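What follows is the residue order along each chain.
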Amino acid sequence: MKWHLPGLLSLSVLVSGCSWFSSNEQPLPQLPQYQPTESWQVLWDETTGEGTSDLDLRLQPQADANNVYTVDFEGQFEARSLKNGALVWRFETEKPVTGGLGISEKSLFAGTSDAEVLAINIVDGKLAWRSAVSSEVLARPLAVKGVVIVQTIDGKLFGLDANDGKQLWLQDRSVPVLSLRGTASPILADDSVVASFADGRIAAFNPVSGNLIWEKRVSVPSGRTEFERLVDVDSDPVWFSPLLLASSFQGNAIALDYRNGQTLWQRSASVYSHAAAAKGSYVIAEETGKVRALDLNSGATRWVQDKLQGRHLGAVVATEQGFLVSDVEGWLHLLSADDGRLLASIEVDDKGLAAAPKLVKQGVLVYGKSGVLALIKLVNKAPSRAYKQSI
């Protein structure tokens, strides 16, 4: 039987550094004091669905040229105008969605806790098809070359036909007895699909045939207890050609050649949330709450931001202005790409963010756990009145 944290209450204190333990065990450190140099402008905000129902689900919004798309835990899909947030369509599936959203030109894709994948027509929001898989889906499906790649919590990777949901291929990996409750989402690296697994491995596959191209360990389990041997790769891989970057819990941050899986460098790290690469750095939010920038060429530390320690950090996202990182209280912080200093902060949702912010041409889409959806953008000036901003 596979155990997932935080399903076992007796183990929840042990992994209190993880974002889902928001923190009834001990008070959070106060927000750091600093002088913002930039501020946020809220272009619009709306409430869309019920969010993630206080669960740690990575339900990231998706967008095309005109609309932003969301899904909540209860299976309510919505399309809203990127221009002003106005509702375009809404569709209620009454399915418990735990993994999403994936997007193609025609459809949205999401996985459920009931081991199904749903395809929703992007034009009118109607259900196009549903397909059964082997277990719960926590990862965002990936649509590429007419195939929907879906990863389940039991270590399986499915290739489904994007038109009708028919299974095209299956890859199966063993899973450890104990793992964190989370699954990294598959990504596209050139013509390969790269997926990460709970046993500390990362692998590249042909998206059409499902054939294995290469496989590599990010971290090797060590220690006497099952907890000490946790090396889940729950952070999405990052493709920064020719580098493929990955990081694991209680393991390593690693840079590989995406074409063959050859290791270029690795550094000890413990990471459970998504990382980002830009401007010469691979930036990770460590389990401790430190944000660390590693040099893309060597893996050496370029800078460390330690003022957010203990605030249970979420995904790191690269922007032109710097790196975004959220905390468990729903604050979104902008860090300088040069030295990691704090530049601006805004409170999105006091329940936390439901997933990584989504970059669009107009700004940044943020989706909170209580269902708050907002489009915000940075303006190059310090806040005129308030030290900290809120939506």
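For the structure itself, look to the data block above.
Fair warning: this is a prediction, and the values are worked out from it, not measured in the lab.

**Here we look at the overall build of the protein**
Helix and strand counts for the protein stand at 1 helix and 35 strands. Expressed as a percentage of the 391 residues in the protein, the buried residues total 61%. In the protein, once contacts between residues fewer than 6 apart in sequence are set aside, the share between residues at least 24 apart is 49%. Of the roughly 15800 Å² of accessible surface on the protein, a fraction of 45% belongs to carbon and sulfur atoms.

**A word on the sheet that holds strand E28 (residues 316-318)**
If you walk across this open sheet you meet the 5 strands as E28-E29-E30-E31-E35, and the pairing is mixed. Here the strands that pair on one side only, and so sit at the sheet edges, are E28 and strand E35 (389-390). Summarising the sheet, strand E31 (residues 342-347) and E35 pair through 2 bridges and their orientation is parallel. Paired with Ile346 across the bridge in E35 is Gln389.

**A few points about the packing of aromatic side chains**
Enumeration over the complete set of coordinates arrives at 3 aromatic pairs. Aromatic side chains Tyr69 and Trp89 sit 6.3 Å apart centroid to centroid with 35° between the ring planes, which places their arrangement in the tilted category. Pair noted here: Tyr69 is in strand E4 (residues 67-71) and Trp89 is in strand E6 (residues 87-92), with a separation of 20 residues, a long-range link. Note on accessibility: Tyr69 and Trp89 belong to one class, buried.

**What to know about unusual backbone geometry**
Gly100 connects to Leu101 through a cis peptide bond whose omega is -5°. Structurally, Leu101 is set in strand E7 (residues 97-103). The peptide bond linking Ser241 to Pro242 adopts the cis configuration, its omega dihedral lying at 5°. Inspection of the secondary structure puts Pro242 in the loop between strand E20 (238-240) and strand E21 (243-247).

**Quick word on the pattern of salt bridges**
The final tally for this structure, using the stated rule, is 13 salt bridges. Linking Lys145 and Asp191 is a salt bridge whose minimum nitrogen-to-oxygen distance equals 3.6 Å. Here Lys145, found in the loop between strand E11 (142-144) and strand E12 (147-151), pairs with Asp191, found in the loop between strand E16 (187-189) and strand E17 (192-196); they are 46 residues apart in sequence, far enough to count as distant. For Arg341, the salt bridge is made with Asp339, and the minimal N-O distance between the two is 3.0 Å. Residue Asp339 is classed as partly exposed on the basis of its relative accessible area of 37%. Through salt bridges with shared partners, one network takes in Glu78, Arg80 and Arg90.

**Details of the sheet that holds strand E32 (residues 358-360)**
The antiparallel open sheet is built from 4 strands, whose spatial order is E2-E34-E33-E32. Of all strands in the sheet, those with a lone pairing partner are strand E2 (39-47) and E32, marking the two edges. Shown here is a sheet whose adjacent strand axes are inclined to one another by a mean of 25°, direction ignored. Pairing of E32 with strand E33 (residues 363-367) involves 3 bridges; the strand directions are antiparallel. Bridge pairing in E33 places Lys358 opposite Leu365.

**Some thoughts on the layout of surface pockets**
Taken as a whole, the largest pocket spans an internal volume of roughly 1000 Å³. Mapped by element, the contributors of at least two residues to the lining of the largest pocket are E7, E11, E16, E20, strand E24 (276-278), E28 and E32. Here the residues of the lining of the largest pocket are counted per class, giving 30 nonpolar, 10 polar and 8 charged.

**Some words on the environment of Asp72**
By the secondary structure assignment, Asp72 is in the loop between E4 and strand E5 (76-81). For the pair Asp72 and Ala354, spaced 282 residues apart in sequence, the C-alpha to C-alpha distance is 9.3 Å. Apart from the residues within four sequence positions on either side, Asp72 is in contact with Gly49, Glu50, Gly51, Leu59, Val97 and Tyr367. A distance of 2.8 Å separates a polar side-chain atom of Asp72 from the backbone nitrogen of Gln76.

**Considerations on the environment of Asn206**
Note that Asn206 resides in the loop between strand E18 (201-205) and strand E19 (212-217). According to the relative accessible area criterion, Asn206 is partly exposed, its value standing at 30%. Separated by 13 residues in sequence, Asn206 and Val193 place their C-alpha atoms 6.3 Å apart. In contact with Asn206, other than residues within four places in its own chain, are Trp169, Asn211 and Ile213.

**Things to note about the side chain of Ser326**
If you trace the backbone, Ser326 turns up in strand E29 (residues 323-326). Once you skip the residues sitting within four places of it in the chain, Ser326 turns out to touch His312, Leu313, Gly314, Ala315, Trp331, Leu332 and Leu353.

Analysis parameters
- Residues numbered from 1 in each chain as written.
- Predicted model: local features only at pLDDT ≥ 70, side-chain atom pairs only at ≥ 80, totals over all residues.
- Heavy atoms only, no water.
- Helix = DSSP H or I, 4+ residues; strand = E, 2+ residues; numbered from the N terminus.
- Buried < 20%, exposed > 50% of the residue type's maximum accessible area, 1.4 Å probe, protein only.
- Contact = heavy atoms within 4.5 Å.
- Areas by Shrake-Rupley, 256 points an atom, 1.4 Å probe, with all protein chains shown as cover.
- Pairing = 2+ DSSP bridges.
- Phe/Tyr/Trp six-rings, centres within 6.5 Å; stacked < 30°, edge-to-face > 60°.
- Salt bridge = Lys/Arg side-chain N within 4 Å of Asp/Glu carboxyl O.
- Axes fitted to C-alpha atoms, helices over the stretch in contact; angles between N-to-C directions.
- 1 Å grid on protein atoms, 1.4 Å probe; cavity = no way out; pocket = protein on both sides within 12 Å on 5 of 7 lines; lining within 4 Å.
- Points joined across faces, edges and corners; volume = space filled by probe spheres on them.
- Nonpolar A, V, L, I, M, F, W, Y, C, P; charged D, E, K, R; others polar.
- Polar contact = N/O pair within 3.5 Å; in protein donor to acceptor, adjacent residues only side chain to side chain.

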